[in-house]
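Fold and contact review
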Amino acid sequence: MAVHASIPEDAFTATTLGIRREGSGVVIRGNGLVLTIGYLITEADEVWLTTNSGRVVPGHALAYDQETGFGLVQALGPLDVPALEFGDASKAEIGDEVVVADGIGQFVEAKIVAKQEFAGYWEYLLDEAIFTAPAHPAWGGAALLDEDGKLLGIGSLHLQMATQNGDSADINMIVPINLLIPILDDLIKRGRVNKPPRPWLGAFSAESNGEVVVMSVTEGGPAAKAGLRRGDVISEVRDGEVDGLADFYRKIWQSGPAGAEIPMRVLRDGREAWLRVKSGDRGSFLKKPQLQ
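Okay, so let's go over this structure. (Residues numbered from 1 in each chain as written. Predicted model: local features only at pLDDT ≥ 70, side-chain atom pairs only at ≥ 80, totals over all residues. Heavy atoms only, no water.)

Counted under the stated rule, the structure contains 11 aromatic pairs. With a centroid separation of 6.0 Å and an interplanar angle of 75 degrees, the aromatic rings of Phe-12 and Trp-200 are classed as edge-to-face. With Phe-12 in the loop between β1 (2–6) and α1 (14–17) and Trp-200 in the loop between α2 (184–190) and β14 (203–208), this pair connects stretches of sequence that are 188 residues apart. On the numbers, 5.0 Å between centres and 80 degrees between planes, the contact of Tyr-121 with Trp-122 is edge-to-face. The partly exposed category is assigned to Trp-122, whose relative accessible area is 21%. An aromatic cluster is built from Phe-118, Tyr-121, Trp-122, Tyr-124, Phe-131 and Phe-204, whose rings are joined through pairwise contacts. The side chain of Arg-198 reaches across the aromatic face of Trp-253, ending 3.6 Å from its centre. (Phe/Tyr/Trp six-rings, centres within 6.5 Å; stacked < 30°, edge-to-face > 60°. Helix = DSSP H or I, 4+ residues; strand = E, 2+ residues; numbered from the N terminus. Buried < 20%, exposed > 50% of the residue type's maximum accessible area, 1.4 Å probe, protein only. Lys NZ or Arg CZ within 6 Å of the ring centre and 35° of its normal.)

A cis amide bond, omega 0 degrees, links Ala-133 with the succeeding residue Pro-134. By secondary structure assignment, the location of Pro-134 is in the loop between β10 (124–133) and β11 (143–145). The phi dihedral of Arg-238 is positive, around 55 degrees, even though this residue is not glycine. Within the element layout of this structure, Arg-238 appears in the loop between β16 (233–237) and β17 (240–241). Note on Arg-238: relative accessible area 35%, which makes it partly exposed. If you check the backbone angles, Asp-269 has positive phi at about 55 degrees while not being a glycine. By relative accessible area, which is 75% here, Asp-269 ends up exposed.

Strand direction decides the pairing type here: β14 and strand β15 (residues 211–217), joined by 6 bridges, are antiparallel. Considered in β15, the bridge of Ser-208 is made with Glu-211. Taking the residues that link successive antiparallel strands as the turn, the β14-β15 hairpin has 2 residues, and the phi of Asn-209 there is positive, at about 55 degrees. Sheet analysis places β15 next to β16, joined by 2 bridges and oriented antiparallel. Bridge pairing in β16 places Val-213 opposite Val-233. (Pairing = 2+ DSSP bridges.)

Structural measurements only, silent on function.
Now the structure itself:
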């Protein structure tokens, strides 16, 4: 089904993700529980669900898990839509034929072209994401279905992948459904996973030739307060050299829960400097959902 969300103009994510967000979701339980991608509904003060039959039902932004990227919406009225059965993403293989379907009935017959680690610039990491081609043009919250019609994952991104002949191909990045199963009960009952939140820096970073380069920092965030700047190259965290973006994130997250102080060595204009970043809880910067 289609997911439409409205976000307050003063929300933390309003400038980066917008205040009107549209995508898709999948009914995963008979009581109207809808799985989507979390960035569609984070900080939403209003959510509407539209079924293929045209039924429009209000929804409540129930949960957003920042580690996986999944979001949950609870329908506040009957959807009359059957729940989709989960598949096993761990058994999906490169070359498998799949379908990527959105909430308005459009679908793309695709193949799995890769299963590999994915590090996002917004302090996000999946050990094994699924990548499919050709890309679905409305990927956000779209369902990845196996040949039996079972749910393998939820669409997150549109990317480009280099081909063997030097060209580029449009692909979708999918969050595997297996990541949801261990945390689903917590998300339903608590709105979050029952464990201390990861330390968050508020830094947008990219990898260049194995180096981690800061692209920007969140205004008022931990990194900005510690003096981290655009263009800084992060070379060490504590006593360990940083080997790429994924390694950088793992070193940060191994430093303890949110609030841990994290020393890091940066290269700036040819000079070295040590900064101490008092990490934060990303969730504390976000507006909490209100029941409609």
